[in-house]
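For reference, the chains in residue letters:
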Amino acid sequence: MPPNLQEVKLKFSRRRSAKVMGTLANREEEPQEGEEVGGILVTQNFNSKILSPKDLPTYTPLRLGSVISKLHVPFAGQVSTLRLLLNEMFSSVEETSEVNHRSDATDMDENTESESQCEIIIFSLHEKQVNITIGKTKGLATVEWYASPVGDIVADSVIALLMHAQSSIASIQLTSKPCFHRRSLSDAETPSHKRPRIDSMLRLFHDTLLHQFEQSSVEASYEARKVTFEIKTDASLDSTALLGGDQLQCRVDVLFEEDDDYNAKITVECSDSKFAKNIQECLRGVAEAGGPVRL
């Protein structure tokens, strides 16, 4: 027995476990060790459960709800300009249109009404969780979205694009045309002017390699939707790749498939595998940064 006025500490070990229930447990194969299970952890009366969000009303007294936000933005710009900005910023932009019939009273006679038709254009993003409606109310654009961390960020970006689309329409129309003033190429090396976005991306790849290998030789050969880079450098990540003071040679091919101006196939051939992987990751990062945001 411990003496009086002596502090006594007792440790009770309790095994913590959680039951996977509902649709998460309804599977043909048992989960393997180390496999991640995504769900909501609910603890009630010292019992824990992992449930899918849609199973909360079935196994708990909780109810799952959503908040829809709506904002009216003054918009007096052109729909074509907004369409250009949305497609440049985001991928998988869905566009639908419908005709709105509305009756307006004339100034000559208040009892006389004239029916007018106006086209309503709706742009949908993020699996139709963010919608932009134009034409329903004259001079206003309605942005409606389901409140979520991603939805709020996308909605803020859309509002900024709405304000930018009507700030300087003339400059946007000029910058939407292809520009080839950055460097001069011969007729054999110049890509087709019918694909301004692919041309600008191929030039961006070339400029990136030139900045990465300032002390090396980078030669480019353009062919329709493909560009080939020949890199000669004395830098190597593998000591066995350079023998006898020779230069390291790498061949980089960047190809855009037909009817796809956003996804590029990048292949690197080099005796130094680590060096080739670094080049491939660098160009892949440039392609993702230069393309629309994928939601």
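Model, not experiment: these values are computed from the prediction. For every chain, the first residue of the written sequence is number 1, and numbering continues from 1 along that sequence. Thresholds applied to this predicted model are a pLDDT of at least 70 for local features of residues and 80 or more for the giving and counting of side-chain atom pairs; totals over whole chains, interfaces and linings are not thresholded and use all residues. Excluded from the side-chain calculations are hydrogens and water; all other atoms, namely the structure's heavy atoms, are used.

Draft legend 1. Quick look at a nonpolar patch on the surface. Patch building starts from residues that exceed 30% relative accessible area and form no salt bridge, then joins like charges within 9 Å and nonpolar side chains (Val, Leu, Ile, Met, Phe, Trp, Tyr) within 5 Å. Accessibility throughout is a Shrake-Rupley quantity obtained with a 1.4 Å probe, and a residue counts as covered only by protein chains that appear here. Each reported salt bridge corresponds to a side-chain nitrogen of Lys or Arg within 4 Å of a carboxyl oxygen of Asp or Glu. On the surface, Val8, Leu10 and Phe12 cluster together into a nonpolar patch covering about 390 Å² of accessible area. Each helix corresponds to a stretch of at least 4 residues labelled H or I by DSSP, and each strand to a stretch of at least 2 residues labelled E; elements are numbered beginning at the N terminus. Following the sequence through the fold, valine 8 ends up in the segment before strand 1 (18-20).

Draft legend 2. Spatial organisation of the nonpolar core. Take the buried residues of types Ala, Val, Leu, Ile, Met, Phe, Trp, Tyr and Cys, join any two whose side-chain atoms come within 4.5 Å, and each joined set is a nonpolar core. Residue exposure (1.4 Å probe, protein chains only): buried if accessible area is under 20% of the type maximum, exposed if over 50%, otherwise partly exposed. With 25 residues, the main nonpolar core has Phe205, Phe229, Val254 and Ile279 as its most contacted residues. For this core, the elements supplying multiple residues, two or more each, are helix 5 (196-212), strand 9 (217-223), strand 10 (226-233), strand 11 (248-256), strand 12 (264-270) and helix 6 (273-290). Sort the elements by how many residues they give to this core and helix 6 lands first, with six residues. When checking whether two residues touch, look at their non-hydrogen atoms; a contact exists if any pair is within 4.5 Å. Sequence-distant contacts of phenylalanine 205, that is, excluding residues within four places in its chain, are made with Phe229, Val254, Phe256, Leu283, Val286 and Ala287.

Draft legend 3. Region of interest: the pairing of strand 11. Examined bridge by bridge, strand 10 and strand 11 share eight bridges and lie antiparallel to one another. By the bridge assignment for strand 11, glutamate 230 is matched with arginine 251. With seven bridges joining them, strand 11 and strand 12 adopt antiparallel strand pairing. Looking across to strand 12, one finds that valine 254 is bridged to isoleucine 266. Any two strands between which DSSP finds at least two bridges are classified as paired.

Draft legend 4. The arrangement of the environment of alanine 276 in detail. Mapped onto the elements, alanine 276 comes out in helix 6. According to the relative accessible area criterion, alanine 276 is buried, its value standing at 9%. Residues within four places of alanine 276 in sequence aside, it is in contact with Val268 and Cys270.

Draft legend 5. Fine view of the packing of helix 2 (residues 79-89) against helix 3 (residues 149-165). Axis angles are defined between N-to-C directions and span 0 to 180 degrees, where every axis is a line fitted to C-alpha atoms and, for a helix, only to the segment in contact. Axis separation between helix 2 and helix 3 bottoms out at 9 Å; the angle between their running directions is 140°. Our classification of the angle between helix 2 and helix 3 gives oblique. As helix 2 packs across helix 3, the resulting crossing turns out to be right-handed. Residues Thr81, Leu82, Leu85, Leu86 and Met89 of helix 2 lie in contact with helix 3, whose contacting residues are Val158, Leu161, Leu162, His164 and Ala165. For this classification, Asp, Glu, Lys and Arg are treated as charged, while Ala, Val, Leu, Ile, Met, Phe, Trp, Tyr, Cys and Pro are nonpolar and the rest, including Gly, are polar. Tallied by class, residues from the contact of helix 2 with helix 3 come to eight nonpolar, two polar and no charged. Angles are sorted into four bins: roughly parallel if under 35 degrees, roughly antiparallel if over 145, roughly perpendicular if 65 to 115, and oblique for all others. A clockwise turn of the near helix away from the far one marks a right-handed crossing, whereas an anticlockwise turn of less than a right angle marks a left-handed crossing.

Purely geometric stuff here, so don't read any function into it on its own.
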